[in-house]
Amino acid sequence: MRTAAEPVEVRRPSAVRALTTLLAVTAAATVVVELLNYWYAPEQEFGLAVRTGWAMLRSLGFLLLIGHVNKGRVGARPFGLILAVTTIFAVGRLIVPRQGVPALPGLVGFAVLTALCVAVVVLLYRSETIRAHLVRHRKGLVVEGGTIAWREVAPKRPQANGWLLTARVAAFTYSPLMLVPALVATGAVLDGRLAAVPALIFWFGAGIAVSYAVLFCTAFLLRDKAWARKGLVAVTLGVLAIDLPLCWWLLGTDGLIRDGAPLVTAAALTLWSLNRATRTPPHPVDHEVDGDFDLAVSRLQCN
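Residues numbered from 1 in each chain as written. Predicted model: local features only at pLDDT ≥ 70, side-chain atom pairs only at ≥ 80, totals over all residues. Heavy atoms only, no water.

(A) Representation of the overall build of the protein chain in the model. Check the secondary structure of the protein chain and you find nine helices and three strands. For the protein chain, the sequential pattern of α-helices and β-strands runs β-α-α-α-α-α-β-β-α-α-α-α. In the protein chain, buried positions account for 48% of the 303 residues. Taking as baseline every contact in the protein chain between residues at least 6 positions apart, the subset at least 24 positions apart corresponds to 74%. Of the roughly 14800 Å² of accessible surface on the protein chain, a fraction of 68% belongs to carbon and sulfur atoms. (Helix = DSSP H or I, 4+ residues; strand = E, 2+ residues; numbered from the N terminus. Buried < 20%, exposed > 50% of the residue type's maximum accessible area, 1.4 Å probe, protein only. Contact = heavy atoms within 4.5 Å. Areas by Shrake-Rupley, 256 points an atom, 1.4 Å probe, with all protein chains shown as cover.)

Set out below in structure tokens:
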């Protein structure tokens with residue numbers, strides 16, 4: 001049995017190279033802006049350190065997105081959109097201090113990072129060259145005609161609506177958006193609010209359980225099961241009912257704004273996408289999901 005030779009790699013278009021460079025700069029800017037904000041913060045408390053660390057981890061997301069772009073994965077587009085939007089929220093909520101006005105370096109850095117994120121989204125969705133580049137499936141071993149080849153694997157499940165894929169990406173952010181404020185709240189519990197320990201344990205447990213619930217619902221959501229849409233709506237409402245009151249109780253109004261607003265935004269995007277999916281037929285070139293965030297979609301309406 002012979003092995004098929006790998007195809008010769010074609011030089012990437014200049015627009016694709018520009019996008020990967022922009023993503024690398026955005027990843028670095030995320031780290032720099034967060035460090036600046038933490039340095040100039042009036043109170044370098046435990047909660048700020050946790051939120052800053054979480055925001056800085058998004059730089060790894062941009063590096064992962066570079067890999068998707070280099071491989072030509074269509075999932076790079078919705079992944080890049082969600083990553084850019086949530087990065088702006090994650091960084092923006094830390095710029096404004098509890099009292100006083102934001103430091104000028106932090107404001108300038110936030111403005112630069114916002115411009116970079118907007119540029120990433122524009123390139124992903126407005127560049128015809130990049131659109132033509134991001135068309136590939138995941139690769140796997142294929143045996144055909146006595147030949148073993150490492151090549152793209154054809155989708156085995158039905159085509160999925162682009163809005164359903166967007167809802168899936170947004171819903172996957174529920175768990176981390178619950179676990180981060182829960183981790184922040186441990187500081188308040190350690191300061192003497194021992195009565196809140198059961199609620200804090202419940203918060204952590206709910207954040208972990210939500211990840212499995214979203215995974216289960218979205219697995220059938222992409223097969224266009226009506227009950228899966230209702231299940232994801234129920235999960236979304238349950239997440240809001242659990243997280244927002246706990247944010248307000250354990251973290252106060254400041255925590256409700258800083259940690260609740262991003263979750264409300266993700267929930268609104270999920271519900272909006274589910275609503276649009278009921279009125280938008282699948283695009284004829286939609287593709288399969290490739291990993292947790294390597295989602296396949298050819299055209300994501302964002303109007």
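Additional details are given in the paragraphs that follow.
(B) Highlighting the packing of aromatic side chains. Per the stated rule, a full pass over the model turns up three aromatic pairs. Plain terms: the ring middles of Phe 216 and Trp 227 are 5.8 Å apart, the flat faces sit at 40° to each other, and that makes the pair tilted. Of this pair, Phe 216 sits in helix α8 (residues 197–221) while Trp 227 sits in helix α9 (residues 226–277), and the two are eleven residues apart along the sequence. By relative accessible area, which is 47% here, Phe 216 ends up partly exposed. Assessed through its relative accessible area of 42%, Trp 227 is described here as partly exposed. A centroid spacing of 5.1 Å and a plane angle of 45° characterise the contact between Phe 220 and Trp 227, whose relative ring orientation is tilted. Exposure remark for Phe 220: the relative accessible area of 31% places this residue in the partly exposed category. (Phe/Tyr/Trp six-rings, centres within 6.5 Å; stacked < 30°, edge-to-face > 60°.)

(C) Inspection of the nonpolar core at higher detail. Counting residues in each nonpolar core, the largest one holds 39 residues, and the members touching the most others are Tyr 174, Trp 203, Val 214, Leu 221 and Val 239. At the level of elements, α6 (162–171), α7 (174–190), α8 and α9 are the ones that each hand at least two residues to this core. It is α9 that provides the largest number of residues to this core, a total of 14 residues. Each residue touching Val 214, except ones within four places of it in the same chain, is listed here: Ala 171, Phe 172, Tyr 174 and Val 235. Grouped together as the second largest cluster of nonpolar side chains are 27 residues, Leu 22, Leu 83, Cys 117 and Leu 124 included. (Core = buried A, V, L, I, M, F, W, Y, C linked by side-chain atoms within 4.5 Å.)

(D) View of the packing of helix α2 (residues 46–70) against helix α3 (residues 76–95). For the pair α2 and α3, the least separation of the axes is 10 Å and the interaxial angle reads 160°. When the axis of α2 is compared with that of α3, the two are roughly antiparallel. Of the two possible hands of crossing, α2 and α3 adopt the one that is left-handed. Contacts between α2 and α3 involve Leu 48, Arg 51, Thr 52, Trp 54, Ala 55, Arg 58, Gly 61, Phe 62, Leu 64, Leu 65, His 68 and Val 69 on the former and, on the latter, Ala 76, Phe 79, Gly 80, Leu 83, Thr 86, Thr 87, Ala 90, Arg 93 and Leu 94. (Axes fitted to C-alpha atoms, helices over the stretch in contact; angles between N-to-C directions. Parallel < 35°, antiparallel > 145°, perpendicular 65-115°, else oblique. Left-handed = near helix turned anticlockwise from the far one by under 90°.)

(E) The environment of Phe 172, seen in detail. Along the chain, Phe 172 turns up in the loop between α6 and α7. Since its relative accessible area comes to 15%, Phe 172 is described here as buried. On a C-alpha basis, the gap between Phe 172 and Ala 266 in space is 9.2 Å, while along the polypeptide they are 94 residues apart.

(F) Molecular detail of the pattern of salt bridges. Throughout the structure, instances matching the rule amount to two salt bridges. The salt bridge involving Glu 128 is made with Arg 131; its shortest N-O contact spans 3.7 Å. Highlighted residues: Glu 128 and Arg 131, both in helix α5 (residues 128–133), separated by three residues, approximately one helical turn. Arg 258 serves as the salt-bridge partner of Asp 254, at 2.8 Å between the closest nitrogen and oxygen. Pair noted here: Asp 254 and Arg 258 are both in helix α9, with a separation of four residues, about one helical turn. (Salt bridge = Lys/Arg side-chain N within 4 Å of Asp/Glu carboxyl O.)

(G) Inspection of helix α4 (residues 104–126) at higher detail. Taking 1.5 Å as the rise per residue, α4 with 23 residues should run 33 Å; its terminal C-alpha atoms sit 32 Å apart, in good agreement. Looking only at α4, the buried set comprises Gly 106, Gly 109, Leu 113, Leu 116, Cys 117, Val 120, Leu 124 and Tyr 125. Here the buried face of α4 lies against α1 (14–40), α2, α3 and α5. (Expected span 1.5 Å × (residues − 1).)

(H) Structural view of a nonpolar patch on the surface. Among the surface-exposed residues, Val 32, Leu 36, Trp 39 and Tyr 40 lie close enough to one another that they form a single nonpolar patch of about 450 Å² accessible area. By the element assignment, Val 32 lies in helix α1. Judged by relative accessible area, Val 32 falls into the partly exposed class, the value being 47%. (Patch = residues over 30% accessible without salt bridge, like charges linked within 9 Å, V, L, I, M, F, W, Y side chains within 5 Å.)

Purely geometric numbers; function is a separate question.
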